[in-house]
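Results of the structural survey
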Amino acid sequence: ADEPYLQTTEVPLRIINGHYFGKANTLIVHISPQLDYQQWSNERLLEHVVSNIKSMFGIKRLPDIVDHCVTRWETDEFSLGSYSYMHKGSNSQHIRDLAEPS
């Protein structure tokens, strides 16, 4: 587990390898807006992620999941759906420029 990210074939999923960052036996999954998941139950989201992990590794069964947490940024009172990313062609100077007071 020497890689910080696990490559998935499904674009909306980004899987972070917690072991790489000192959190053994932990995966963090970000689901980007391309997947319209807002109406999905937490259980359906978990099943979707597990299905993709099984497909990635060509396995039929994963160890039992001990715990999971689904956050929903679009309804979280502190983020209210805020999201940012570096667009292709952007650089760190763009971030510094945006951080300047207007």
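Residues numbered from 1 in each chain as written. Predicted model: local features only at pLDDT ≥ 70, side-chain atom pairs only at ≥ 80, totals over all residues. Heavy atoms only, no water.

Right, let's get into helix H1 (residues 42-57). Here H1 spans 23 Å end to end across 16 residues, near enough to the 22 Å set by a 1.5 Å rise per residue. Residues Leu45, His48, Val49, Val50, Asn52 and Ile53 constitute the buried set of H1. Buried residues in H1 make contact with strand E2 (13-17) and strand E3 (27-31). Glycine 58 lies just past H1 and shows a positive phi near 65 degrees. (Helix = DSSP H or I, 4+ residues; strand = E, 2+ residues; numbered from the N terminus. Expected span 1.5 Å × (residues − 1). Buried < 20%, exposed > 50% of the residue type's maximum accessible area, 1.4 Å probe, protein only. Contact = heavy atoms within 4.5 Å.)

On to the environment of serine 51, then. If you trace the backbone, serine 51 turns up in helix H1. The class of serine 51 is partly exposed, set by a relative accessible area of 43%. Sequence separation of serine 51 and threonine 75 is 24 residues, and the distance between their C-alpha atoms is 26 Å.

Right, let's get into the pattern of salt bridges. This model, assessed by the stated rule, comprises 1 salt bridge. The residue aspartate 64 makes a salt bridge to arginine 61 at a minimum N-O spacing of 3.3 Å. Across the pair, exposure class does not vary: aspartate 64 and arginine 61 are exposed alike. (Salt bridge = Lys/Arg side-chain N within 4 Å of Asp/Glu carboxyl O.)

This next bit is on a nonpolar patch on the surface. A surface patch of nonpolar side chains, amounting to about 330 Å² of accessible area, comprises Tyr5, Tyr20 and Phe21. Along the chain, tyrosine 20 falls in the loop between E2 and E3. Look at tyrosine 20 and you get partly exposed, because its relative accessible area is 43%. (Patch = residues over 30% accessible without salt bridge, like charges linked within 9 Å, V, L, I, M, F, W, Y side chains within 5 Å. Areas by Shrake-Rupley, 256 points an atom, 1.4 Å probe, with all protein chains shown as cover.)

Buried residues dominate E2, accounting for 4 of its 5 residues. Bridging between strand E1 (residues 5-6) and E2 involves 2 bridges; their strand directions are antiparallel. Note that in E2 the partner of leucine 6 across the bridge is isoleucine 15. Here E1 folds back onto E2 in antiparallel fashion, the turn holding 6 residues. (Pairing = 2+ DSSP bridges.)

Taken as a whole and assessed by the stated rule, the structure comprises 1 aromatic pair. Consider the rings of tyrosine 20 and phenylalanine 21, whose centres lie 5.0 Å apart with planes at 75 degrees: the pair is edge-to-face. The cationic tip of arginine 14 hangs over the ring face of tyrosine 5; the distance from NZ or CZ to the ring centre is 4.1 Å. Looking at arginine 44, its charged tip hangs above the ring of tryptophan 40, at a distance of 3.8 Å from the centre. (Phe/Tyr/Trp six-rings, centres within 6.5 Å; stacked < 30°, edge-to-face > 60°. Lys NZ or Arg CZ within 6 Å of the ring centre and 35° of its normal.)

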